[in-house]
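# Summary of the model geometry
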There are 2 protein chains.
Amino acid sequence: MNGLMQDHPLLISQLIQFADRHHGTTEIVSRRVEGDIHRYTWSQCARRSRRVGNALDAEGLEFSDRVATLAWNGYRHLELYYGVSASGRVLHTINPRLHADQIAWIANHAEDQILCFDLSFLPLVQAVHASCTKVKKWIALCDSDALPADCGIPGLVSYEEWIAGHADVYAWPVFDENAASSMCYTSGTTGHPKAALYSHRSTVLHAYAAALPDAMGLSARDAVLPVVPMFHVNAWGIPYSAALAGCKLVLPGPALDGKSVHGLIEAEGVTFAAGVPTVWQMLLGHMQSNGLRFKTLTRTVIGGSACPPAMIRAFQEQYGVEVLHAWGMTEISPLGTVCALKNRHDALDDEARMSVRTKQGRALFGVDMKIVGGDESELPWDGIAAGDLFVRGPWVIREYFKAQGGDLLVRDAAGNAWFPTGDVATIDADGYLQITDRSKDVIKSGGEWISSIEIENIAIAHPGIAMAACIGVFHPKWDERPILVAVKKPGAAVSRDELLKFYEGKIANWQTPDDVLFVETIPIGATGKMLKASIREQLKDYRIPGLQTPR
Amino acid sequence: MNGLMQDHPLLISQLIQFADRHHGTTEIVSRRVEGDIHRYTWSQCARRSRRVGNALDAEGLEFSDRVATLAWNGYRHLELYYGVSASGRVLHTINPRLHADQIAWIANHAEDQILCFDLSFLPLVQAVHASCTKVKKWIALCDSDALPADCGIPGLVSYEEWIAGHADVYAWPVFDENAASSMCYTSGTTGHPKAALYSHRSTVLHAYAAALPDAMGLSARDAVLPVVPMFHVNAWGIPYSAALAGCKLVLPGPALDGKSVHGLIEAEGVTFAAGVPTVWQMLLGHMQSNGLRFKTLTRTVIGGSACPPAMIRAFQEQYGVEVLHAWGMTEISPLGTVCALKNRHDALDDEARMSVRTKQGRALFGVDMKIVGGDESELPWDGIAAGDLFVRGPWVIREYFKAQGGDLLVRDAAGNAWFPTGDVATIDADGYLQITDRSKDVIKSGGEWISSIEIENIAIAHPGIAMAACIGVFHPKWDERPILVAVKKPGAAVSRDELLKFYEGKIANWQTPDDVLFVETIPIGATGKMLKASIREQLKDYRIPGLQTPR
């Protein structure tokens, strides 16, 4: 027997309609590619999104056809989030930091029919447009008078011209909530990129969960700054959760340097910001150099890669900003866990409480997780046992677009299908996850596992170190040993031996790196993570000092 | 094209599994019918709920079969919430304040097969059990040694004996999220009671929305006291949202007097409490008489009927407790709106801000609402125009159980189907709803509408008045005129003329009641609301003073 409540599919159109009706005068502030500040409201965003719906109809785009973007966080991008998905098409956000060849490959694989881009990406579009064989319309996200002449893109139109001729009245269609709404490619370390294909259902459920008090805790009193890009996993779902909660939204455009971000936070009264550690490092560096403070910022969610404890301390202790360490993946829409403390943690001493904060936190309701050993048997939640992290839930991937990579899921004895994340983690008795490594980055020394992240976090805590990567290198006796590749802070004079001595008392001797190599830079990938595969490749001829055995 | 996220139905079993895994050691504290305090954890609750699942299997109950409760807020009731619904049966919570004949009618109409009751309701069960022809098993919610001998209920067993023989391992079944999960009858003013039948989907979506920061704002740091009964609309969904958020849950049993409730709040560190105005009046009265304070309570959601401004002021100004005025209905699972303020309200003066707080607030995301005039055309959101309130959404009723009352919904030109709530309301430009009346209680004087609630709230604000009901009486010229029926506070000496003078400057002269009748008590219905139909019946021979025209 079914219940007798109304049958309403969960649709992205409901988010923009809700923000329009209940938070119509709440502001959306964008730093534009042009450098100036643009401000309007949720109602104006809704109105222009409806123009996008009409414009897509006029282009003859069918249900589920793909519309791609190469764009920073800004109001026009936001209008495409709603106009494309809510009208039944699929928004394909492309990461502009990918190589041009990869972008062309992705656009063809996704069968993008329209591609909208910020003018800062014009050179990229000039390089790839001839290879993007399915794209029938190129749209520059600018005013008509800013449209570059003779730039070589056939039929290029400006976004403003494109939507101007269309009505701002549009009845968002009602359809199955399982329909695809948006997609995002992950750049795997091997093979072609693969796409996660989100649905309206997964997006709306994620928007509810992400706004909960123990996740981002978003209310209509918040001004939210997603520094995390809208071209990568929907900016952690913030464009959706902000509409659901009626937040003021502050979009930073391309200016992610410390000065620009700090200025925007202060000028717009930002209360909540979300970003990856590398961007926050720039913000903290700028603030420390200039003796700056925050007036309104009270909390930040940090994810994308593990947040070094030193960064958590800086935000909390120097600036009074609560750090919510989080974990997610493109394949998980992306939020899996957020580290909101429990009452019992209040009783801990500072050191013990910080060790909880460095964990990635508890699962959102909707995400079920477990860690498994080599035989796929579940490991205990004791905060010690480390195993492969498996997750399941309505916003967790089932398979990649066009079934790339085949069947992803691992079925347990009860018939439940789990997504193996590729992360190695512990989970403590309170359900707090700690990612100890990527399974491909973990260092296997003498049958024991060494967490590369733990080694890196200690190095980062040294006052002279700006960045550090720990990788495993061949060792004839122990199979692998850790070495550290590190970048010094400007002017710092730390030596190899000083840095190795810094590990004493912090971890076991056998876990301490065998060597330190100082370098000028560490390569960073398109999503802001260190490219360890590339570091390993650069060091393929490296030998641990004193060790004569050839590899 | 569908998205490629995993296909997981939203099920109530996931809530208890989540609380078990992530908040297993968090406490659930109950004041028992026996008077003592019982405490255990979410993990113990989960374990015993699984015993309930096995016990129901052993009874041969099929999918969707109904299990009824006549019970206060307590841990055994909570175990039935999860054990019954999560195993695929339907939990039917019966309001014990209904008349015995109505209870028997309801139990037969719902086809309840098992009825579980607190021992305090034994006399009621003795009165009705012979008439409840479908019930094949009666279970007393007590230890086996507390089971009354020779009480006349054939085959009566104690709950503890009933579950003791069953394993605490149970694989919750996976099924369609639209399956019915629980039901609650509303006592309409005319005809038989009608039941709202909730689904797993509607319940889980409501649990997400109710926990959001601008609704109840529940986190794992909260200790939550639902004074609102679990026998009425699932205690506003708190048993579900508390599991989703991992709250400590404090269940007050039958002791709803001011002293007991205050004692429990203080002893258990309650941070959030939910109740109806009549119960809160007892709490505030006790505190005022005894000079008491709250140590931990920070906020309370008040609904069920309009909260008098004087009560909001008392909580906020005397006790520093934020009042979240809310509106809902049995037919809406029940939450529709909650009055969380926006930043702009901070700039208002105290009086203006209080006038926002007296509104019932903004819709939760998921609830779409509108007000319509007599021709069902939508009225503006200007805070002035009052019309019939219509709502729609995934936790809003489509039809009553067994189609009682026929087709409930009203379709608009766009084909959207709305539930007409029977409430009359205004909505302001920020989307804040204010219930001005029940459509059947509104007083139509000379073609204008007078809100009975507004008249009552002013009376309640008078220091000498404890309770007040405003009803319309026949008038030959104006059709109807308002009169006030009022109960004085003990020892208060307020006169009719003083009370009428109290309205001067607060509302227009023509809205002021034509008369005041002081009475000893005002009749209250099973859900704590004043029974205006009964007051009207008692006053059917009343004439407005000086008016000779017979009715």
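Cut-offs used in this document
Residues numbered from 1 in each chain as written. Chains lettered and ligands numbered in written order. Predicted model: local features only at pLDDT ≥ 70, side-chain atom pairs only at ≥ 80, totals over all residues. Heavy atoms only, no water. Helix = DSSP H or I, 4+ residues; strand = E, 2+ residues; numbered from the N terminus. Rg over C-alpha atoms; globule rule 2.2 N^0.38 Å. Buried < 20%, exposed > 50% of the residue type's maximum accessible area, 1.4 Å probe, protein only. Contact = heavy atoms within 4.5 Å. Areas by Shrake-Rupley, 256 points an atom, 1.4 Å probe, with all protein chains shown as cover. Lys, Arg positive; Asp, Glu negative; His and termini not counted. Charge placed at Lys NZ, Arg CZ, Asp CG, Glu CD. Phe/Tyr/Trp six-rings, centres within 6.5 Å; stacked < 30°, edge-to-face > 60°. Lys NZ or Arg CZ within 6 Å of the ring centre and 35° of its normal. Least-squares fit on C-alpha atoms with pLDDT ≥ 70 in both. Pairing = 2+ DSSP bridges. Right-handed = clockwise from strand over helix to strand, strands pointing away. Buried area = accessible area lost by both parts, 1.4 Å probe. Salt bridge = Lys/Arg side-chain N within 4 Å of Asp/Glu carboxyl O. Polar contact = N/O pair within 3.5 Å; in protein donor to acceptor, adjacent residues only side chain to side chain. Nonpolar A, V, L, I, M, F, W, Y, C, P; charged D, E, K, R; others polar. Axes fitted to C-alpha atoms, helices over the stretch in contact; angles between N-to-C directions. Parallel < 35°, antiparallel > 145°, perpendicular 65-115°, else oblique. Expected span 1.5 Å × (residues − 1). Left-handed = near helix turned anticlockwise from the far one by under 90°.

From N to C terminus, chain A includes 16 helices and 26 strands. Whereas a compact globule of 551 residues would reach a radius of gyration of roughly 24 Å, chain A reaches 24 Å, a difference of no more than 12%. The C-alpha extent of chain A, read off along each of the three principal axes, is 70 × 65 × 50 Å. A total of 551 residues make up chain A; the buried ones form 62% of that total. At a minimum sequence separation of 6, the contacts of chain A that also span at least 24 residues come to 66%. Working note: accessible area of chain A is about 19700 Å², and carbon and sulfur atoms make up 50% of it. Here chain A contributes 51 positive and 61 negative side-chain charges, whose respective centroids are spaced 2 Å apart.

Another point: the packing of aromatic side chains. Summed over all chains, the structure comprises 27 aromatic pairs over all chains. An angle of 10 degrees between the planes, with centres 5.8 Å apart, marks the rings of Tyr208 of chain A and Tyr208 of chain B as stacked. Here Tyr208 of chain A is found in helix 7 (residues 200-211), whereas its partner Tyr208 of chain B is found in helix 7 (residues 200-211) on a different chain. Per residue, the accessibility class of Tyr208 of chain A equals that of Tyr208 of chain B, and both read buried. Grouped by ring-pair contacts, the aromatic residues Phe18, Tyr208 and Phe365 of chain A together with Phe18, Tyr208 and Phe365 of chain B constitute a single cluster. Directly above the ring of Phe518 of chain B sits Lys488 of chain B, whose terminal nitrogen or CZ lies 4.4 Å from the centroid. Lys506 of chain B extends its terminal NZ or CZ atom over the ring of Phe502 of chain B, reaching a point 3.7 Å from the ring centre.

The next thing to look at is the relation of the copies chain B and chain A. Put simply, the second copy of the chain is the first one after a rotation about an axis and a shift along it. By a simple turn and slide, chain B fits onto chain A: the slide is 0.0 Å along the axis, the RMSD is 0.1 Å, and the turn is 180 degrees. Viewed as a symmetry operation, the transformation between the two copies matches a two-fold axis. Across chain B, the rotation axis passes nearest the C-alpha of Leu212 of chain B, at a separation of 2.5 Å.

Across the 10 residues of helix 14 (residues 452-461) of chain A, eight count as buried, placing the element largely inside the fold. Where helix 14 of chain A is concerned, the buried positions are Ser452, Ile453, Ile455, Glu456, Asn457, Ile458, Ala459 and Ile460 of chain A.

Residues and elements named next belong to chain B. Burial of the side chains of strand 4 (residues 90-93) extends over both faces: Val90 and His92 are buried on one face and Leu91 and Thr93 on the other. Pairing of strand 3 (residues 66-70) with strand 4 involves four bridges; the strand directions are parallel. Within the sheet, the bridge partner assigned to Val67 lies in strand 4 and is Leu91. Note that the unit made of strand 3, helix 3 (residues 75-86) and strand 4 has a crossover that is right-handed. Pairing geometry for strand 4 and strand 8 (residues 180-186), over two bridges, is parallel. The residue of strand 8 that forms the bridge with Leu91 is Ser182.

Bringing unusual backbone geometry into the picture now. That bond from Ser333 of chain A to Pro334 of chain A is cis: its omega, 5 degrees, falls within 30 degrees of zero. With respect to the helices, strands and loops of the structure, Pro334 of chain A is situated in the loop between strand 14 (322-328) and strand 15 (335-338). With phi around 60 degrees, Lys402 of chain A is a residue other than glycine that occupies positive phi space. Note on placement: Lys402 of chain A falls in the loop between strand 18 (387-392) and strand 19 (410-411). At Val233 of chain B, a position not held by glycine, the phi torsion is positive, near 50 degrees. Topologically, Val233 of chain B is positioned in helix 8 (residues 233-236). Relative accessible area serves as the criterion here: at 2%, Val233 of chain B is assigned to the buried category.

Let us look at the pairing of strand 3 (residues 66-70) of chain A. All names here are of chain A. With respect to burial, strand 3 is a largely interior element, five of its five residues being buried. Here strand 3 shows two buried faces, one formed by Arg66, Ala68 and Leu70 and the other by Val67 and Thr69. Bridging between strand 3 and strand 5 (residues 112-117) involves five bridges; their strand directions are parallel. What sits directly across from Val67, in strand 5, is Ile114.

With that settled, the discussion passes to the interface of chain B and chain A. Tallying the contact residues gives 81 residues for chain B and 80 residues for chain A. For the pair chain B and chain A, the summed buried surface comes to about 6400 Å²; carbon and sulfur atoms form 54% of the total. Of all residues in chain B, Met1, Met5 and Phe365 of chain B bury the most surface against chain A, accounting for 15% of the area lost on that side. At the boundary of chain B and chain A, one finds eight salt bridges. The shortest N-O distance in the salt bridge between Glu378 of chain B and Arg21 of chain A comes to 2.4 Å. Between the two partners, chain B and chain A, sit 45 residue pairs in polar contact (both at pLDDT 80 or more). Broken down by element, the side of chain B that touches chain A gets its largest block of residues, seven residues, from helix 7 of chain B. Of the residues assigned to the side of chain B that touches chain A, the class counts are 42 nonpolar, 19 polar and 20 charged.

Right, let's talk about the sheet that holds strand 4 (residues 90-93) of chain A for a bit. Taken in spatial order, the seven strands line up as 7-6-5-3-4-8-9 (chain A) in an open sheet, and their pairing is mixed. Looking along the sheet, the strands with just one partner apiece sit at the ends: strand 7 (157-158) and strand 9 (194-199) of chain A.

As for its placement among the helices and strands, Gly328 of chain A is situated in strand 14. Taking C-alpha positions, Gly328 of chain A is 21 Å from Ala245 of chain A, a pair spaced 83 residues apart along the chain.

All right, on to the packing of helix 10 (residues 258-268) of chain B against helix 11 (residues 277-290) of chain B then. Residues and elements named next belong to chain B. Contact geometry of helix 10 with helix 11 gives a least axis separation of 8 Å together with a crossing angle of 80 degrees. In terms of axis orientation, helix 10 runs roughly perpendicular to helix 11. Every residue of helix 11 that contacts helix 10 at Gly258, Lys259, Val261, His262 and Ile265 is listed here: Trp280, Met282, Leu283, His286 and Met287. For the contact of helix 10 with helix 11, a count of residues per class yields six nonpolar, three polar and one charged.

With that settled, the discussion passes to the pattern of salt bridges. Per the counting criterion, the structure on display carries 84 salt bridges over all chains. Glu160 of chain A is the salt-bridge partner of Arg48 of chain A, the closest N and O atoms lying 2.7 Å from each other. Here Arg48 of chain A is found in helix 2 (residues 42-58), whereas its partner Glu160 of chain A is found in helix 6 (residues 159-164), with 112 residues between them in sequence. You'll find Arg48 of chain A and Glu160 of chain A in the same group, each marked buried. Taking the shortest distance from any N to any O, the salt bridge between Glu27 of chain B and Lys248 of chain B comes out at 3.6 Å.

Time to look at the environment of Val90 of chain B. Structurally, Val90 of chain B is set in strand 4. Judged by its relative accessible area of 0%, Val90 of chain B is buried. As a C-alpha pair, Val90 of chain B and Ile427 of chain B span 337 residues in sequence and 36 Å in three-dimensional space. Non-local contacts of Val90 of chain B, meaning those with residues more than four positions away in its chain, are made with Met1 of chain A together with Ser64, Asp65, Arg66, Val67, Val84, Ala180, Ser181, Ser182, Met183 and Leu197 of chain B.

Moving on, we come to helix 11 (residues 277-290) of chain A. Residues and elements named next belong to chain A. Spanning 14 residues, helix 11 covers 20 Å between terminal C-alpha atoms, matching the ideal 20 Å at 1.5 Å per step. Every buried residue belonging to helix 11 is among Pro277, Val279, Trp280, Leu283, Leu284, His286 and Met287, and all of these are buried. In this fold, the buried residues of helix 11 make contact with helix 10 (258-268), strand 12 (272-275), strand 13 (299-302) and helix 12 (309-319). Phi turns positive one or two residues past the end of helix 11, at Gly291, with a value near 60 degrees.

As a further point, take the sheet that holds strand 11 (residues 248-251) of chain A. All names here are of chain A. In spatial order, the strands read 2-1-11-10-12-13-14-15-16; together these nine strands make up an open sheet with mixed pairing. Strands with a single pairing partner mark the edges of an open sheet, and in this sheet they are strand 2 (37-41) and strand 16 (362-363). Here three bridges tie strand 10 (residues 223-226) to strand 12, and the two strands are oriented parallel to one another. Considered in strand 12, the bridge of Pro226 is made with Ala274.

Moving on, we come to the packing of helix 1 (residues 12-22) of chain A against helix 3 (residues 75-86) of chain A. Residue and element names in this part refer to chain A. Here helix 1 crosses helix 3 at 130 degrees, and the two axes come no closer than 8 Å. Considering their axes alone, helix 1 and helix 3 lie oblique with respect to each other. The chirality of how helix 1 crosses helix 3 is left-handed. Side by side, helix 1 and helix 3 meet where Ile12, Ser13, Leu15 and Ile16 of the first sit next to Tyr82, Ser85 and Ala86 of the second. Residues that form the contact of helix 1 with helix 3 fall into these classes: five nonpolar, two polar and no charged.

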